[in-house]
Amino acid sequence: MSATGVIFTRHGVLRGARQAIPLVIGTFPFGLVVGVISAAKGLSLLETLLMSGVVFAGSSQLLALELWTDPAPIFAATLAALVVNMRLAPMGAALAPWLDRLRGIRLWGTLATLVDHSYALSAAEMRRGGRDAGYLLGVALALWLFWMIAVGIGHLAGAVVRLPPGHPLYFAATATFCAILVPVWQGGRRDLLPWMLAAAVALGAWWSGLGAPWPLLAGALAGAALGAWMELRRA
Amino acid sequence: MRRRRLPPCARARPGVGSGKTVTGMTLRLDVLLAILGMALATYLCRAGGYALFRALRPPRFVEVTLQHLPGPIFVAYVAPALAAAGPKGFLAAALVVATQAITRNLAAAIAVGVAAIWLFGLVM
């Protein structure tokens, strides 16, 4: 993994975009769910597409929508996005061998598109000796385009269906997060206790009457801190 | 207590809560501010993380905590949501996890979850 000779070309962007297409199979249903829930929460198509376009981070959008109220929960939504997307912070650092060679809009613009999938593919490309940082942007742009399409279709479908409160489709959001947990699980020794603590703290905060996003915040940070403490003690 | 936290208006049909009709092109100031807040927070994570980690080596504990964050985030979200849904929520969640583990297909897992909660709603 050499940091010398890093380039940023149209060819790299296109190659990244092509290699991102198979991932769309996974992100498309997620986008549909975000669109349907947005419609159910009373967001207009424009508001929904605006959120998807500038936030472009599915799980934080879905979580914010779950806390959505009228008027919009500005503080809670912002805090939820901050907590959920904190995981992106070390990804940029891990891609430093590429990013350090970029300047201006290429650097800060590419960073604006960073998502889990573009990080994962680019980290693999970097390990293979890839030197074209355009790849990172290409993956993200392809995902962004299909994300907008999926969310738009979901919103249109949701607006037609007009889900009544308590409709089973609302469970799609919770189901999505349950499913995401499966590939995140890295074994009981690492994850069991931290995840149990996260659930316990979140439930405790919820039962004691704390509103969103506090149960999420407290549970997530408590679980992650326990996980880190256990890992460092083992090391 | 099925769907806690939200006032009834938040779950109502588009536009009912705000007292005005929401059309496809509606853009309300409170919604715009919430979206911009989310966008700013997210960009701070994306770019600020890179800038900060490059400028100074964070304590090892912070770095490892961030690596452990994804699982607890989703667990902390899911736990109260399932508790609110009751036993059928936990049953449906178990089916979702099983489907995802077997098929590795997110769409299938979501569909099974929604179908399960609908079926359980009929019988439980």
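Definitions and limits used
- Residues numbered from 1 in each chain as written.
- Chains lettered and ligands numbered in written order.
- Predicted model: local features only at pLDDT ≥ 70, side-chain atom pairs only at ≥ 80, totals over all residues.
- Heavy atoms only, no water.
- Helix = DSSP H or I, 4+ residues; strand = E, 2+ residues; numbered from the N terminus.
- Expected span 1.5 Å × (residues − 1).
- Buried < 20%, exposed > 50% of the residue type's maximum accessible area, 1.4 Å probe, protein only.
- Contact = heavy atoms within 4.5 Å.
- Buried area = accessible area lost by both parts, 1.4 Å probe.
- Salt bridge = Lys/Arg side-chain N within 4 Å of Asp/Glu carboxyl O.
- Polar contact = N/O pair within 3.5 Å; in protein donor to acceptor, adjacent residues only side chain to side chain.
- Domains from an automatic or database assignment.
- Nonpolar A, V, L, I, M, F, W, Y, C, P; charged D, E, K, R; others polar.
- Core = buried A, V, L, I, M, F, W, Y, C linked by side-chain atoms within 4.5 Å.
- Phe/Tyr/Trp six-rings, centres within 6.5 Å; stacked < 30°, edge-to-face > 60°.

(A) Local environment of helix H4 (residues 70-85) of chain B. All names here are of chain B. Spanning 16 residues, H4 covers 23 Å between terminal C-alpha atoms, matching the ideal 22 Å at 1.5 Å per step. The buried fraction of H4 is high, at 15 of 16 residues. Where H4 terminates, the next one or two residues include Gly-86, which has phi positive at roughly 85°.

(B) Focus on the interface of chain B and chain A. In this assembly, 81 residues from chain B lie in contact with 98 residues from chain A. Interface of chain B and chain A: buried area, both sides summed, is about 7700 Å²; carbon and sulfur atoms make up 75% of it. Across the contact surface, chain B and chain A share 2 salt bridges. Across the salt bridge formed by A:Asp100 and B:Arg54, the nearest N and O atoms sit 3.7 Å from each other. The interface formed by chain B and chain A holds 16 residue pairs in polar contact (both at pLDDT 80 or more) in total.

(C) Local environment of the domain arrangement of chain B. All names here are of chain B. If you check the domain split of chain B, you get domain 1 (1-68) and domain 2 (69-124). On the domain 2 side, the residues contacting the 7 residues of domain 1 number 8 residues. Each partner contributes to the roughly 530 Å² buried at the junction of domain 1 and domain 2, and carbon and sulfur atoms together form 46% of this total. At the surface where domain 1 touches domain 2, the tally comes to 0 salt bridges. Remark: the boundary between domain 1 and domain 2 carries 2 residue pairs in polar contact (both at pLDDT 80 or more). A per-class count over the side of domain 1 that touches domain 2 returns 2 nonpolar, 3 polar and 2 charged.

(D) Seen up close, the pattern of salt bridges. Residue and element names in this part refer to chain A. Inspection of every chain in the model, using the stated rule, returns 7 salt bridges over all chains. Between Glu-125 and Arg-15 there is a salt bridge, with its nearest N and O atoms 2.2 Å apart. Linking Glu-125 in helix H8 (residues 116-127) with Arg-15 in helix H1 (residues 10-40), this pair joins segments that are 110 residues apart in sequence. Look at Arg-15 and you get partly exposed, because its relative accessible area is 25%. What emerges from the salt-bridge pattern is a single network uniting Arg-15, Glu-125 and Arg-128.

(E) Representation of the domain arrangement of chain A. All names here are of chain A. Each domain of chain A was delimited in the assignment, giving domain 1 (10-181) and domain 2 (185-235). Its C-alpha centre places domain 1 at a distance of 24 Å from the equivalent point of domain 2. Of the roughly 680 Å² buried where domain 1 meets domain 2, counting both sides, 91% is carbon and sulfur surface. Joining domain 1 to domain 2, the criterion identifies 0 salt bridges. The tally of links between domain 1 and domain 2 comes to 1 residue pair in polar contact (both at pLDDT 80 or more).

(F) Broad picture of the side chain of A:Ser118. Residue and element names in this part refer to chain A. When you line up the elements, Ser-118 lands in helix H8. We classify Ser-118 as buried; its relative accessible area is 0%. Separated by 3.0 Å, the side chain of Ser-118 and the backbone oxygen of Val-115 make a polar contact. Ignoring sequence-local partners within four residues, the contact set of Ser-118 consists of Thr-113, Leu-136, Val-139, Ala-140 and Leu-143.

(G) Main features of the nonpolar core. Of all hydrophobic cores here, the largest spans 97 residues; its most connected members are A:Met51, A:Leu62, A:Trp68, A:Leu99, A:Phe177, B:Met38 and B:Ile73. Not counting residues within four places of it along the chain, the set of residues in contact with A:Leu99 comprises A:Gly92, A:Leu107, A:Leu111, A:Leu136 and B:Tyr50.

(H) Fine view of unusual backbone geometry. Cis geometry marks the peptide bond from A:Asp70 to A:Pro71, where omega comes out at 5°. Within the secondary structure, A:Pro71 sits in the loop between helix H3 (58-66) and helix H4 (74-85). You will see that A:Phe56, though not glycine, has its phi angle at about 45°, which is positive. Relative to the helices and strands, A:Phe56 resides in the loop between helix H2 (45-55) and H3. What makes A:Phe56 buried here is its relative accessible area of 6%. In this structure, B:Arg104 takes a positive phi of about 55° despite not being glycine. Here B:Arg104 lies in the loop between helix H5 (87-103) and helix H6 (106-123). Overall, B:Arg104 belongs to the exposed group, its relative accessible area being 57%.

(I) Molecular detail of the packing of aromatic side chains. Scanning the model with the defined rule gives 8 aromatic pairs over all chains in all. Relative to A:Trp147, the ring of A:Phe30 lies with its centre 5.8 Å away and its plane at 80°, an arrangement referred to as edge-to-face. Note that A:Phe30 is positioned in helix H1 and A:Trp147 in helix H9 (residues 134-161), a separation of 117 residues in sequence. With respect to class, A:Phe30 is no different from A:Trp147; both count as buried. Relative to A:Trp207, the ring of A:Trp206 has its centre 5.9 Å away and its plane inclined at 45°; by these criteria the two rings are tilted. Given the relative accessible area of 9%, A:Trp206 is considered buried. Aromatic ring contacts, followed pair by pair, group A:Phe177, B:Phe74 and B:Tyr77 into a single cluster.

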